[in-house]
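Report on the structure
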Amino acid sequence: MKAAVIVFPGSNCDRDIATAIEDVSGTKPQMVWHGDSDLPEGLDLIAVPGGFSYGDYLRCGAIAARSPVVRSVVEAAEKGVPVIGVCNGFQILTETGLLPGALMRNAGLDFVCRDVALTVENSQSIFTSGYRTGESITVPVAHHDGNYFADPETLERIEGEGRVAFRYGEAVNGSARSIAGLLSKAGNVIGMMPHPERRIEAAHGGTDGRRLFEGLLRAVA
Amino acid sequence: MKLRIIVSLKNGVLDPQGKAIQHALSGLGFDGVDDVRAGKIFELDVADTTTDEAVDEMCRKLLANTVIENYRVERL
């Protein structure tokens, strides 16, 4: 699997997701700096990692979404290249418009950093084929702004199109419809607040996150 | 030319920060504060030739996220 991980000033999960991808696929992803305007050719996956890109200035993900490399990510996504955005990556993907809605301050105002239960809502996507629909998995979250918002019409539309990939199985951040992970209409883009790359090996307390990457590898390889 | 751009949350978008500020005000003994909405103000110093359309584009493309926010431009 030929993968690229985008690195912004303030990214802090870039190496975690690169390690997860390498561990599962056996191939080291290429790290691409935010100021580069070109992506490697023939990518099977682009990962937009978690962290605090550009210090979360203006809004979480707002500045990163306008960086040169992200323009190339949007073009690649529109051509069908799989893109995963985790945490700050999810915020960046909503800011680009690749995914609808916005991620707002957690309803409880606190930074939430703990393992949470997720329900797999749709196991038909390339990102979720390693799971069964309706299955409960445990993956950690670590965010201050994960409270998913979209207007009622948008929520109806994404639910109707089966685009909710993961839902929180417990109260976490006040997200509309408990949405934790969301697919694009074409299904090649996913944004999610929980961190699958932090649940890759037994020493992490479980391997529920690993199955996302294993399913993805089977789907794209 | 100086501009002031006021960005505020749309009606219907919950504002947890505004709620926390409201609670803090009531904790300080200020009664009768029914609601607080937090927003942002940007002050821009722009060339006199800057068109209204360009300012509007700045707001839509970066300063406000129009999924959740409204904006208003004042000339100072």
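The name an unreviewed UniProt entry gives chain B is Phosphoribosylformylglycinamidine synthase subunit PurS, with Sphingomonas xinjiangensis as the organism. What UniProt records for chain B under Catalytic activity (unreviewed entry) is the sentence "N(2)-formyl-N(1)-(5-phospho-beta-D-ribosyl)glycinamide + L-glutamine + ATP + H2O = 2-formamido-N(1)-(5-O-phospho-beta-D-ribosyl)acetamidine + L-glutamate + ADP + phosphate + H(+)".

Going by an unreviewed UniProt entry, chain A carries the name Phosphoribosylformylglycinamidine synthase subunit PurQ and comes from Sphingomonas xinjiangensis. What the UniProt record of chain A gives under Subcellular location (unreviewed entry) is the line "Cytoplasm". Taken verbatim from the UniProt record of chain A, the Pathway (unreviewed entry) comment is "Purine metabolism; IMP biosynthesis via de novo pathway; 5-amino-1-(5-phospho-D-ribosyl)imidazole from N(2)-formyl-N(1)-(5-phospho-D-ribosyl)glycinamide: step 1/2."

On to the UniProt feature "active site" (unreviewed entry) in chain A, then. All names here are of chain A. When the UniProt feature table is mapped onto this chain, "active site" (unreviewed entry) is found at C87, H195 and E197. Maximum C-alpha separation among the annotated residues is 11.0 Å over a sequence range of 111 residues, consistent with a single clustered spot. Its place among the elements puts C87 in the loop between β4 (83–86) and α3 (88–96). Once residues lying within four places of it in the same chain are set aside, the contact partners of C87 are G50, A142, H143, M192, M193 and H195. Take E197: it is sitting in the loop between β11 (189–192) and α5 (210–220). Take E197: its relative accessible area is 3%, and that puts it in the buried class.

Turning our eyes to something else, we now look at unusual backbone geometry. Residue and element names in this part refer to chain A. Even without being glycine, Y54 reaches a positive phi, approximately 50°. Located in the positive-phi region is L109, a residue other than glycine, with phi close to 70°. Considering the arrangement of structural elements, one finds L109 in the loop between β5 (102–104) and β6 (112–120). The partly exposed category is assigned to L109, whose relative accessible area is 28%.

A few words on the pairing of strand β3 (residues 45–48) of chain A. Residues and elements named next belong to chain A. In β3, alternate side chains face the same way, and those of L45 and A47 on one face and I46 and V48 on the other are all buried. As paired strands, strand β1 (residues 3–7) and β3 are joined by three bridges and run parallel to one another. In the sheet register, V5 faces β3, and the bridge partner there is A47. Here three bridges tie β3 to β4, and the two strands are oriented parallel to one another. Residue A47 lies in a different strand from β4, and its bridge partner there is I84. For the handedness criterion, the β-α-β arrangement of β3, helix α2 (residues 68–78) and β4 is classed as right-handed.

Further remarks concern the environment of P100(A). Residue and element names in this part refer to chain A. Positionally, P100 belongs in the loop between α3 and β5. In sequence terms P100 and V112 are 12 residues apart; their C-alpha atoms lie 23 Å from each other. Ignoring anything within four residues of it in the chain, the contact list for P100 reads T94, Y148, T154, I158, R163 and L182.

Turning next to the packing of aromatic side chains. Residues and elements named next belong to chain A. Under the defined criterion, the tally for this structure stands at three aromatic pairs over all chains. Pairing F8 with Y54 gives two aromatic rings, centres 6.3 Å apart and planes at 55°, and the pair type is tilted. Placement of the pair is F8 in the loop between β1 and α1 (14–25) and Y54 in the loop between β3 and α2, with a sequence separation of 46 residues. For the ring pair F90 and Y148, a centre distance of 6.2 Å and an interplane angle of 10° mean the geometry is stacked. Residue F90 is found in helix α3, and its partner Y148 is found in strand β8 (residues 147–149); the two are separated by 58 residues along the sequence. A single burial state applies to F90 and to Y148, both of which are buried.

Conventions used here
Residue positions are given per chain, counting from 1 as you read along its sequence in written order. Whichever chain is written first becomes A and whichever ligand is written first becomes 1, with later ones labelled in order. Reporting of local features is limited, given that this is a predicted model, to residues whose pLDDT is at least 70; pairs of side-chain atoms are given and counted only at 80 or more, and all residues count toward the totals for whole chains, interfaces and linings. Derived side-chain values reflect all non-hydrogen atoms in the structure, with water molecules and hydrogen atoms excluded from consideration. UniProt positions are given in the numbering used here, feature names are shortened, and annotations may be inferred rather than shown by experiment. Secondary structure is summarised from DSSP: a helix means a run of H or I of at least four residues, a strand means a run of E of at least two, and numbering begins at the N terminus for each. When checking whether two residues touch, look at their non-hydrogen atoms; a contact exists if any pair is within 4.5 Å. Only protein chains enter the area calculation, which uses a 1.4 Å probe; residues under 20% of their type maximum are buried, those over 50% are exposed, and those in between are partly exposed. Think of it this way: DSSP has to see at least two bridges between two strands before they count as a pair. Here is how to tell: hold the view so the strands point away, follow the path from the first strand over the helix to the second, and if it runs clockwise the crossover is right-handed. When the centres of two rings from Phe, Tyr and Trp lie within 6.5 Å, Trp using its six-membered ring, the rings pair. Their planes under 30 degrees apart give stacked, over 60 give edge-to-face, and anything left gives tilted.

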